[in-house]
Amino acid sequence: MWYAILARDNPDSLERRLAARPAHLQRLATLRDEGRLLLAGPLPAIDAEDPGPAGFAGSLVVAGFDSLEEARNWADADPYMLAGVYRDVEIHPFRKVLP
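Because the structure is a prediction, the values reported are computed rather than measured. (Residues numbered from 1 in each chain as written. Predicted model: local features only at pLDDT ≥ 70, side-chain atom pairs only at ≥ 80, totals over all residues. Heavy atoms only, no water.)

Caption draft 1: Structural context of the environment of Ala23. For Ala23, the position within the fold is in helix H1 (residues 14–33). As for Ala23 and Gly52, which are separated by 29 residues in sequence, their C-alpha atoms are 21 Å apart. (Helix = DSSP H or I, 4+ residues; strand = E, 2+ residues; numbered from the N terminus.)

Quick look at the structure:
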């Protein structure tokens, strides 16, 4: 099943986000290579493609897992979580309708 993982960043976490980014992207690439990644990306803190020093408000990942518990375990082990970038993470089952 698909799960939407919505993470919100801690204030002033841009430097930690940038440092943990390569490991974070590697985990997403693994999901992609396994055919389990629907979409993933950051949420800019301002209305701009590149928010610069304003940084990011969080991230959204929609990926396939066997259970909500598996999705939670995956999210809890994310490098951004371990580096203190994320202040909280919500996970919801997701049904893709379009496209």
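Caption draft 2: Focus on the packing of aromatic side chains. Tallied over the full model, the rule gives three aromatic pairs. Plain terms: the ring middles of Tyr3 and Phe65 are 6.5 Å apart, the flat faces sit at 55 degrees to each other, and that makes the pair tilted. Here Tyr3 is found in strand E1 (residues 2–9), whereas its partner Phe65 is found in the loop between strand E3 (56–64) and helix H2 (68–76), with 62 residues between them in sequence. Across the pair, Phe65 and Tyr3 agree in class, each one buried. Judged by centre distance (5.8 Å) and plane angle (50 degrees), the ring pair of Phe65 and Trp74 falls under tilted. With respect to burial, Phe65 and Trp74 carry one shared label: buried. (Phe/Tyr/Trp six-rings, centres within 6.5 Å; stacked < 30°, edge-to-face > 60°. Buried < 20%, exposed > 50% of the residue type's maximum accessible area, 1.4 Å probe, protein only.)

Caption draft 3: Geometry of the sheet that holds strand E2 (residues 37–44). Sheet architecture is open: four strands sit in the order E2-E3-E1-E4, paired in antiparallel fashion. Only two strands of the sheet have a single partner each, and these edge strands are E2 and strand E4 (86–94). Within this sheet the neighbouring strands show an average axis-to-axis angle of 10 degrees, counted without direction. Here eight bridges tie E1 to E4, and the two strands are oriented antiparallel to one another. (Pairing = 2+ DSSP bridges. Axes fitted to C-alpha atoms, helices over the stretch in contact; angles between N-to-C directions.)

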